[in-house]
Amino acid sequence: MNTNPRQLQLLEEVRTRKSATVEQLAETLGVTLQTVRRDVQRLAESGLLTRFHGGVRVPSSTVENLAHTQRETLHAEGKARIARAVAEQVPHNCSLILNIGTTTEAIAKALLDHRGLRVITNNLNVAAILSSNPECEVIVAGGVVRARDRGIVGEAAVDFIRQFKVDIALIGISGIEPDGSLRDFDYREVKVAQTIIEQAREVWLAADHSKFNRPAMVQLATLNQIGRLFTDAPPPEPFPALLQDAGVICTVAA
């Protein structure tokens, strides 16, 4: 589904509260109960909300991510701002690795006017996007293709990426927990991402505000392994101190 601004606000309100009643949402959003019920119905059918007796909550599984089509529409405007901010900092004539995720796909779109790029990726969506740029050489990792998001995972992808040393790794993440750990859902994807970090001279993390305090099962890295963070809103507590202690440069995309 295509979420409209009101529905995105509704999702953010539920996420902030952990759970909410229809009455609370109607009062906060300044709309009728009927409008909220209609939005909740659509969001629940798309898997973006879970209904229970008396209210709704955001699905909070630590073992499975939202579907790719759902993640594409969530916080799309914020991801676009992040992508533009990243692209402004990526120099021409450099080498990059982009991993799996809708935010890295947004970054690929923002890099379409760059010159002299050599990009390695385990994301077929990123490869398809950047192949439209004649000034960009795209190198695709081998491995198992996940049908749900066209990400490439597995030991073959790990071995392939170990051949390279790039200027910048641009990575996305599913969650950043209050202990400073970066987490994801699929251990096979995590193993590839860990290799990407090892094979980069600089590591830039792109994560919209919904990733803070979001749990996921598998630890990918820690903030100490990241050089820069690009996000779309000021990080909540306790992350400002964690970022400072880790020496991470944080850019909030306007």
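Everything below is about the structure printed above this text.
Note that the structure is a prediction, hence the values are computed from the model and not measured. (Residues numbered from 1 in each chain as written. Predicted model: local features only at pLDDT ≥ 70, side-chain atom pairs only at ≥ 80, totals over all residues. Heavy atoms only, no water.)

### Overview of the packing of aromatic side chains
The relation between two aromatic rings is expressed through the spacing of the ring centres and the mutual angle of the planes. The tally for this structure, following the rule as stated, stands at 3 aromatic pairs. Judged by centre distance (4.9 Å) and plane angle (55°), the rings of Phe-212 and Phe-239 are tilted. With Phe-212 in the loop between strand S12 (200–206) and strand S13 (218–222) and Phe-239 in helix H10 (residues 239–246), this residue pair connects regions lying 27 residues apart in the sequence. Of the two residues, Phe-212 and Phe-239, neither departs from the other in class, the shared state being buried. In this structure, Arg-228 is placed above the aromatic ring of Trp-204, and the distance from its NZ or CZ to the ring centre is 5.2 Å. (Phe/Tyr/Trp six-rings, centres within 6.5 Å; stacked < 30°, edge-to-face > 60°. Helix = DSSP H or I, 4+ residues; strand = E, 2+ residues; numbered from the N terminus. Buried < 20%, exposed > 50% of the residue type's maximum accessible area, 1.4 Å probe, protein only. Lys NZ or Arg CZ within 6 Å of the ring centre and 35° of its normal.)

### Quick word on the pairing of strand S5 (residues 117–121)
Counting buried positions along S5 yields 4 of 5 residues, so the element is predominantly enclosed. Where strand S4 (residues 95–98) lies against S5, 4 bridges are found, and the strand directions are parallel. Each bridged residue has a counterpart across the sheet, and for Leu-96 the counterpart in S5 is Val-119. Viewed along the sheet, the connection from S4 through helix H6 (residues 102–110) into S5 turns out right-handed. In this structure, S5 lies alongside strand S6 (residues 136–140), joined through 5 bridges in parallel fashion. Bridge pairing in S6 links Arg-118 to Glu-137. Handedness of the S5-helix H7 (residues 124–130)-S6 crossover: right-handed. (Pairing = 2+ DSSP bridges. Right-handed = clockwise from strand over helix to strand, strands pointing away.)

### What to know about the sheet that holds strand S10 (residues 175–176)
Strand order in the open sheet formed by 3 strands is S10-S11-S13, and the pairing between neighbours is antiparallel. Of all the strands in the sheet, just S10 and S13 have a single pairing partner and so form its edges. Where strand S11 (residues 181–184) lies against S13, 4 bridges are found, and the strand directions are antiparallel. From the neighbouring strand, Ser-181 faces S13, where its bridge partner is Thr-222. Strand contacts of helix H9 (residues 187–198): S11 and S13, with the helix running at about 15° to S13, the strand carrying the most contacts. (Contact = heavy atoms within 4.5 Å. Axes fitted to C-alpha atoms, helices over the stretch in contact; angles between N-to-C directions.)

### Thoughts on the pattern of salt bridges
Counted under the stated rule, the structure contains 13 salt bridges. We note a salt bridge from Arg-201 to Asp-167, for which the minimum N-O separation is 3.6 Å. One end of the pair, Arg-201, is in strand S12; the other, Asp-167, is in strand S9 (residues 166–171), and 34 residues separate them in sequence. Since its relative accessible area comes to 54%, Arg-201 is described here as exposed. One salt bridge connects Arg-188 with Asp-186, and the closest N-O pair in it is separated by 3.1 Å. Of the residues examined, Arg-188 reaches a relative accessible area of 30% and is grouped as partly exposed. (Salt bridge = Lys/Arg side-chain N within 4 Å of Asp/Glu carboxyl O.)

### Concerning the nonpolar core
If you look at the biggest cluster of nonpolar residues, it comprises 34 residues, and the most contacted ones within it are Ile-171, Ile-176, Leu-182 and Leu-205. Secondary-structure elements contributing two or more residues to this core are helix H8 (155–161), S9, H9, S12, S13 and H10. Of the residues forming this core, the biggest block, 5 residues, is contributed by H9. Those residues in contact with Ile-176, other than ones at most four positions away along the chain, are Ser-181, Leu-182, Leu-205, Ala-207, Lys-211, Phe-212, Asn-213, Arg-214 and Phe-239. (Core = buried A, V, L, I, M, F, W, Y, C linked by side-chain atoms within 4.5 Å.)

### A look at a nonpolar patch on the surface
Nonpolar side chains collect at one region of the surface, where Leu-124, Val-140 and Val-145 lie side by side and expose about 200 Å² of accessible area between them. Structurally, the position occupied by Leu-124 is in helix H7. Classification of Leu-124 by relative accessible area gives partly exposed; the value is 31%. (Patch = residues over 30% accessible without salt bridge, like charges linked within 9 Å, V, L, I, M, F, W, Y side chains within 5 Å. Areas by Shrake-Rupley, 256 points an atom, 1.4 Å probe, with all protein chains shown as cover.)

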